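# Per-entry structural report
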Amino acid sequence: MKKFILKTLIFILIIISFKILLITLVLGNLPEIGYGFFLGENNKKNKIVIVGSSNVRYNFDYDLLNMKLNNHSVIGVTANAPSGLYVLWYKLKKLNLTKNDIVVFALPYSLYSEDKFLPITSRNKFLSLNLIKSSFNEFKKETSINLLNIKLSNIKNALKTRELEKRYTIYENKFFGYTKKIDSLYLNCYSNEDDKFFINDNRSVFNSKAILKFNDILNKKNNPEFFFRFPVLMENQFELNKYKILFLEKNLNFINSVESAIFERNYFYDQWYHLNFCGAQQNSLNLIEEITPFIENKNLTKP
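Structure report, in brief. Everything numeric here is computed off the predicted structure, so don't read it as measured data. (Residues numbered from 1 in each chain as written. Predicted model: local features only at pLDDT ≥ 70, side-chain atom pairs only at ≥ 80, totals over all residues. Heavy atoms only, no water.)

## Structural notes on the state of the cysteines
With the rule as written, the count across this model stands at one disulfide. Note that Cys189 is cross-linked by a disulfide to Cys278, the S-S spacing being 1.9 Å. The sign of the 85° torsion about the S-S bond sets the Cys189-Cys278 disulfide as right-handed. With Cys189 in the loop between helix H9 (184-187) and strand S5 (199-201) and Cys278 in helix H12 (residues 277-301), this pair connects stretches of sequence that are 89 residues apart. A relative accessible area of 29% places Cys278 in the partly exposed class. (Disulfide = S-S within 2.5 Å. Helix = DSSP H or I, 4+ residues; strand = E, 2+ residues; numbered from the N terminus. Buried < 20%, exposed > 50% of the residue type's maximum accessible area, 1.4 Å probe, protein only.)

Laid out in structure tokens, this is it:
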């Protein structure tokens, strides 16, 4: 019996040692990158920040927004969707926003899913040591669990990301205006004829606890005013999880509806969630109409 217990303890010790070594190798090879650039401009006292994935690059005309909302700098915060929401939250904090600013989360439906919401997960790449530190400060239990789930593949991802460190560092905290202005197809309101626009979110599993916890973080004193916005959908090209929509509407502060975010096919560019320039202009006008009452209310309540 004693030999069995001893062997069991040795086996457990080997597993723990291997896990510690694995975590150390991954964290030791992670760069301290800052996730690159912002869209729009940052030359006015008050800010309106639009947060999302690649849809934020395509679906808004920043020239139009900054002209119409002329007392605010309109800024886009974007990262690729597979990175998850925490990358966006980490990047957003770098803007040092105040209670006079407004943030609109224009998230694709996928970012509300269990493996994409907060905090960072082992299924996503551990891209930055600073990101993990930040996540640990706000989500100690969840981040610790995810670190314990690190796999051998994460070492490869860490080394690959390290190669990109220089590129990210060069563009860190830079403002690039409206990057889609150089795309002639986009500007001419081209719409891809291929079948790339159907969104099936009907069976997605959403992380209700993480969503509620994130909402508590947003509502802390002296934070900016946070809103959510349903993403664009192509007419008759989607299937959504109605329970997810009801939960989001009940617990988060949305300024639009699913119905108001539906666009005709000719407004879309190359894939789901991506509008062309004509669609971006209409979507921007919709946002202006949605956000103006809250701006006016802020002005009335300022001391």
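## Quick look at unusual backbone geometry
Unlike most non-glycine residues, Asn96 shows phi in positive territory, near 50°. By the element assignment, Asn96 lies in the loop between helix H4 (85-93) and strand S4 (102-105). For Tyr273, which is not glycine, the phi dihedral falls at a positive 70°. Inspection of the secondary structure assignment puts Tyr273 in the loop between strand S9 (262-263) and H12. Taking the relative accessible area as the measure of exposure, Tyr273 reaches 10% and is therefore buried.

## Observations concerning helix H11 (residues 242-251)
Turning to H11, its buried residues number three or more, namely Lys244, Ile245, Phe247 and Leu248. Looking down the long axis of H11, one finds its buried residues gathered within 165° of arc, a one-sided arrangement. Of the exposed residues in H11, those oriented more than 90 degrees away from the buried face are Lys242, Tyr243, Leu246 and Lys250. Where H11 is buried, its residues meet S5, helix H10 (208-218) and strand S8 (238-240). Here H11 starts with a cap whose side-chain oxygen sits 3.0 Å from the backbone nitrogen of Tyr243, and that cap is Asn241. (Arc of directions from axis to C-beta. Contact = heavy atoms within 4.5 Å. Polar contact = N/O pair within 3.5 Å; in protein donor to acceptor, adjacent residues only side chain to side chain.)

## Points about the sheet that holds strand S1 (residues 39-40)
Strands sit in the order S1-S3-S2-S4-S6 across an open sheet of five strands; the sheet is mixed. Each edge of the open sheet is held by one strand with a lone partner, namely S1 and strand S6 (225-228). Note: strand S2 (residues 46-52) against strand S3 (residues 72-78), seven bridges, orientation parallel. Looking at the pairing, Ile50 lines up with Gly76 of S3. Sitting on the sheet, H4 is in contact with S2, S3, S4 and S6, with an inclination near 145° to S3. (Pairing = 2+ DSSP bridges. Axes fitted to C-alpha atoms, helices over the stretch in contact; angles between N-to-C directions.)

## Here we look at the nonpolar core
In globular proteins that are soluble, nonpolar side chains generally tend to be buried together. Of all hydrophobic cores here, the largest spans 42 residues; its most connected members are Val49, Trp89, Leu92, Phe105, Tyr112 and Phe228. Here this core gets seven residues from one element, more than from any other, and that element is H4. In contact with Val49, other than residues within four places in its own chain, are Ile75, Val77, Leu92, Leu95, Leu97, Ile102, Val103 and Val104. Formed by 18 residues, the second largest nonpolar core is a distinct cluster that contains Tyr62, Ile255, Ile288 and Ile295. (Core = buried A, V, L, I, M, F, W, Y, C linked by side-chain atoms within 4.5 Å.)

## Quick word on the packing of H10 against H11
At a minimum axis separation of 11 Å, H10 and H11 run at an interaxial angle of 20°. Between H10 and H11, the angle falls in the class roughly parallel. Read as a crossing pair, H10 and H11 show a hand that is right-handed. Contacts between H10 and H11 involve Ser208, Ile211, Leu212 and Asn215 on the former and, on the latter, Phe247, Leu248 and Asn251. Here the residues of the contact of H10 with H11 are counted per class, giving four nonpolar, three polar and no charged. (Parallel < 35°, antiparallel > 145°, perpendicular 65-115°, else oblique. Left-handed = near helix turned anticlockwise from the far one by under 90°. Nonpolar A, V, L, I, M, F, W, Y, C, P; charged D, E, K, R; others polar.)

## What to know about a nonpolar patch on the surface
A grouping of Phe4, Ile5, Leu9, Phe11, Ile12, Ile15, Ile16 and Ile20 is seen on the molecular surface, where their side chains present a nonpolar patch of about 800 Å² in accessible area. With respect to the helices and strands, the residue Ile20 is situated in helix H1 (residues 2-28). (Patch = residues over 30% accessible without salt bridge, like charges linked within 9 Å, V, L, I, M, F, W, Y side chains within 5 Å. Areas by Shrake-Rupley, 256 points an atom, 1.4 Å probe, with all protein chains shown as cover. Salt bridge = Lys/Arg side-chain N within 4 Å of Asp/Glu carboxyl O.)

This is a description of form; function is not addressed.
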